[in-house]
Structures are given as C-alpha cells and as structure tokens.
2 protein chains.
Amino acid sequence: MIRRLTVIGVGLIGGSLARALRRAGAVGEVVGCSRRIEHLQRAVDLGVIDRYETDMATAVAGADMVVVSVPLGAMEAVFRAISPALAADAVVTDVGSSKASVMAAVEAACDGVPAWFVPGHPIAGAERSGVEASFADLYETRRVILTPVEVTDPAATTRVRTMWERCGARVSEMQVAHHDEVLAATSHLPHILAYGLVDTLANLEEHDEVFQYAAGGFRDFTRIASSDPTMWRDICLANRVAILKMMDFYTRDLAKLREMVEAGDGEALFELFTRAKSERDGFMG
Amino acid sequence: MIRRLTVIGVGLIGGSLARALRRAGAVGEVVGCSRRIEHLQRAVDLGVIDRYETDMATAVAGADMVVVSVPLGAMEAVFRAISPALAADAVVTDVGSSKASVMAAVEAACDGVPAWFVPGHPIAGAERSGVEASFADLYETRRVILTPVEVTDPAATTRVRTMWERCGARVSEMQVAHHDEVLAATSHLPHILAYGLVDTLANLEEHDEVFQYAAGGFRDFTRIASSDPTMWRDICLANRVAILKMMDFYTRDLAKLREMVEAGDGEALFELFTRAKSERDGFMG
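Since the model is a prediction, treat every value here as computed from it, not as a measurement. (Residues numbered from 1 in each chain as written. Chains lettered and ligands numbered in written order. Predicted model: local features only at pLDDT ≥ 70, side-chain atom pairs only at ≥ 80, totals over all residues.)

All names here are of chain B. The geometry of helix 4 (residues 75-82) relative to helix 5 (residues 99-110) is characterised by a closest axis approach of 8 Å and an angle of 35° between their N-to-C directions. In the crossing of helix 4 with helix 5, the sense of the turn from one axis to the other is right-handed. Of helix 5, the residues touching helix 4 (which contributes Met75, Glu76, Phe79 and Arg80) are Val102, Ala105, Val106, Ala108, Ala109 and Cys110. Across the contact of helix 4 with helix 5, the residue classes tally to eight nonpolar, no polar and two charged. (Axes fitted to C-alpha atoms, helices over the stretch in contact; angles between N-to-C directions. Helix = DSSP H or I, 4+ residues; strand = E, 2+ residues; numbered from the N terminus. Left-handed = near helix turned anticlockwise from the far one by under 90°. Contact = placed C-beta atoms within 7 Å. Nonpolar A, V, L, I, M, F, W, Y, C, P; charged D, E, K, R; others polar.)

Further remarks concern the interface of chain A and chain B. Listed by partner, the interface residues are 73 residues for chain A and 73 residues for chain B. Elements with a contribution of two residues or more to the side of chain A that touches chain B: helix 7 (176-203), helix 8 (207-212), helix 9 (216-222), helix 10 (229-238), helix 11 (240-263) and helix 12 (266-284) of chain A. Looking at which element gives the most residues to the side of chain A that touches chain B, the answer is helix 7 of chain A, with 18 residues.

The subject of this paragraph is the pairing of strand 4 (residues 65-68) of chain B. Residues and elements named next belong to chain B. Side chains Met65 and Val67 of strand 4 all project onto a buried face; the interleaved residues Val66 and Val68 project onto the opposite face, where all are buried too. Here strand 1 (residues 2-8) runs beside strand 4; their pairing, made up of four bridges, is parallel. Note on strand 4: the bridge partner recorded for Thr6 is Val66. Relative to strand 5 (residues 91-94), strand 4 is paired through four bridges, and the arrangement is parallel. (Buried ≥ 20, exposed ≤ 12 C-beta atoms within 10 Å, placed from the backbone. Pairing = 2+ DSSP bridges.)

With that out of the way, let us pick up the relation of the copies chain A and chain B. With an RMSD of 0.1 Å, the operation that places chain A on chain B is a rotation of 180° combined with a shift of 0.0 Å along the axis. Taken together, the rotation and translation relating the two chain copies correspond to the operation of a two-fold axis. In terms of proximity to the rotation axis, the leading residue of chain A is Phe221(A), whose C-alpha is 2.1 Å off the axis. Interface residue correspondence from chain A to chain B reaches 100%, placing this contact among same-surface, isologous pairings. (Least-squares fit on C-alpha atoms with pLDDT ≥ 70 in both.)

Turning to the domain arrangement of chain A, a few remarks are in order. All names here are of chain A. For chain A, the assigned domains read domain 1 (2-174) and domain 2 (178-284). Between the C-alpha centres of domain 1 and domain 2 the distance comes to 31 Å. On the side of domain 2, 14 residues touch domain 1, which itself brings 14 residues to the contact. If you tally residues by element for the side of domain 1 that touches domain 2, the top one is helix 5 (residues 99-110), at three residues. Taken together, the residues of the side of domain 1 that touches domain 2 sort by class into five nonpolar, seven polar and two charged. (Domains from an automatic or database assignment.)

Put into structure tokens, the structure is as follows:
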C-alpha cells in the first residue's frame, strides 16, 4: 500500500498508473505535479489525482512513492529539484525508455546514484498522449522492466515491483545496458525505420501521387511514424549507442536482402521470408 | 453487364471480385478455374461461382470477361493455355502487383501483346487469403490501376474499368514502369523492410527474449512480415529493378538518419521526424 504517490508529469503514462493504483485500492493520496496548471486541473477533474503542486519539491514532500514520467531530456532537472525534498522513506522510480541516459542524469543531479532510486520502464503504447488518454487498464499484462544497479536498495526495488504488479503488469529485471539494447531492437529501431520510410517517400518527385496509392500495409507499417517527434528525438539522443548498433545490424541484413533481390535468388528470398513470417507468427500470435 | 465471367484463381482477390459483381447485378454467369477441386467446390458452396472447370481452355470458352488472378510466376503458363481458346469478344485482365513482368509473360505466351489484354492491379489487402476470406466489399473505395499499352484496344480498357467501378473501386491509368515504381515505393519496399527487421531481430543472440518485449508498435510495423512468402518472393523477382531503386533510395536516406543519430544532431532529427509525421498524418488521416 502506497501512502502518498507523487506523479511528476501527469500524462498517459503517469495518469494511467494513478488510475490503476486507485482502482486496485493500492494508494492513499495521489499528488500530481507538472508544468501546466490546466493539465493538472484536468487531471483533478478526471479523478486521476487528488491534488496538485506546481513546485516539484513541495509536490514530493511527504510522499513515500515518487514516479517521474517526464521526457528523457527533463530528467536531470527533475532529480535536481526533488532529491533534497524527499521523505526519509521515499522511493523514486521513472518510466524512461532509455536507462543509461537516465542513470547518467540521476548521477549528475544527485552526485552519485542514490539507493532510493529504482530505474523502471513500462512498455506500453504511447502514440496517444495526455492525461485525457489515460486509462486504468493500460498496464494489464504489459511488461515493465526494472534495471536496479548495485547501490539500489533491494527493498526499494521490491516496492516498485509491487506497485507495477498491482497495476496488472508483468515485471522483470535487467541490466541497464541490456535493457537499452533490447529496446533499441524492438522499439527504437522500428520507429526510426518507419520515420525513414515516410521520409524516403516524401523525398520522391512524385510523392503526392505515391501516398495516394499507399494501402493498408503501408498504413500499419508507418503508424509509429505518427509518434511524437520530441519524444523520439530525445530517445535517439539518449540511446544513441545501442540504436547505432541495431541500425548497423539492420543495414547489414538489408544489404544481404538487396543482394538476393539483385541476384534474383528466389530460393534465398523464400527462405528468409518464410523464416521471418514464422518468427513473427510464433511470437506475435 | 458481363455475360460470362471466368476467374482463373479463385482466392481472396478473384473471389471478392465475383462476389462484388454478383451483388451489383453486373454479371450473368461466373465460372471458376483453379488447380484444386476442393477450393473450387468450396467456392461453389459459398455461392462465389456458379460452376467450375479444371481445364483452363474449357473454362474460358464462351466467356466475355476473363480475370487472371494467379501468382506472378504462373502468369505465362496461364496465358499460353487460355489464349487459343478465347471467344472473339473476350477481354482478359489480370491482378498482378508488378506489371512489367506480366507484360513480358503475356508477350512470351502470345507472341506479342494482344489487343484484348488489359493489365490491371487492384490495390487491396492480401494478408488473409483464400476464397473463404473473400467478401463483396473488398474493393469499395479502393484503388485499381490499369496499365494499358499502345496495342491495347481502348474498348477493352473501358470494359475492365467499368467492371472495377461496379465493385466500388476508384480506377486510374498509368504507364507500366510508373506503376511498378509507385508500388515498389508504397508496398514492395515496406514489405521487404518489415521482413528485414524480423530477420535482424531473429539473428540476435538473445532473440527469444527480444521478441518477448516487443509491443504494439512492433506488432503493427511487422504485420506485413506475416504475408505469404511465395507471393513476396515472386514480387521481388518480378519487380526487381524498381525494388532495387527504392531500396537504394531508402538505404541512402537511412544512412543520413544514422549520421544524425551518431552526431547527436537533435535539431535535424526533430525536423525529420516532424516532417515525416506531418506527411503521414496528412495522407493517412
């Protein structure tokens, strides 16, 4: 049971967490904090939070659980503002999709990684955004990855794990670097490829015409290219090394595929397509 | 009004065409032809066709409209079998997703491109397949591209255009080579990229784990990698030149994107993502 939860950044992710915990009866009071008062008032009106503070230090005072759900680029400033104001029993976690950069931000803000910080990442859709889009079921059966480090207090990790489990999520733990590679492969690379495809088509001379003939497959494939550009810029900067690694793997594999097409090697193409289809069908159902 | 329609290859595409024309009252008799009797019997049971023939020459005899909806690799053999048996007023069209290769197949089978052949391509989903998946609404508001050549009888083109319009489709005409480039960009390239991504992930050491953390965006992005490997092998072989051209454009653009990530150029990334998002949102709604 969380006595007082403070959510810094009350959008889809933070708002859905608050809703899920309330529904589970797993939280006493929920305090929201964010830059814009109209968003916070909306969150109060929607019953997502009980009250709000616009000053981060005031917002975390007395909270036993603090969830930081702000863009990657804003992490350091948030930790600098909240760390002196935390209660003695407070645990802090975040929801950033790139963990090494969050660790670096926290380390810089707090002069070292504190025992009360548990790095976390709920893998849940973020094409829609804002507290209006939040809903209590968002984390049901979804994955949450925690990446505690050596100095992290194991009791803090347990409290964060329990919080996510109360939302219906499946929680696992991973090394920071491993998380960043897994996410580079499954999320960051696909987003970059989709943005890249739309860019390539937009660069064609006949691009207006080309888009007119795009059908359902193209729509699905490029849906993620409608994601928030600021968020994805931040992710590309934050998870640069792992993303470059995956882009290089992909470029290498695509060059092989190009060779098969150029050589008219039907057998190799059929084999690759069959293997890919069976991998996808196997894992995605 | 079509007196007798013969559909060679009664699957999703051919079956949906027959259903749509029947519903529109635009066809008298529908004859199906395909390699497997159980599929043909199923099509009769479903009311998609009136009767079937297993011999292609017999199937087209007396038909005033023949639609060839077989894999690209089977086109030449079909045209060789049907051309001597066509009625004097017969018009033939196809549904292949790569037109230059179909023209070459028809030319080889008929000693030159005949006036009665109108190359066509309905741009409609083909992830599901088989006559069981066919439905009368498939072509409603969908695009159909016809690529008549100089020798094509304009009256034949009009008859094929009318047929598709009766199904609710929006019909346009294009040069063969232009069609092949537009489709390479909007359909063939995305399929290859999706197959490529699943392949890259499958090649990772930790690939079992990686797929477990794949979320909704990945699912959408790779949906088309669950398409039929035989069909996509045929398309890669048939539309090789245009596909290689688009792959090279894409690889060039992806290399630029990689440079932005490597340089940590947040401004350039933000600009590219914003432009891509606005292009996609503008065209896809």
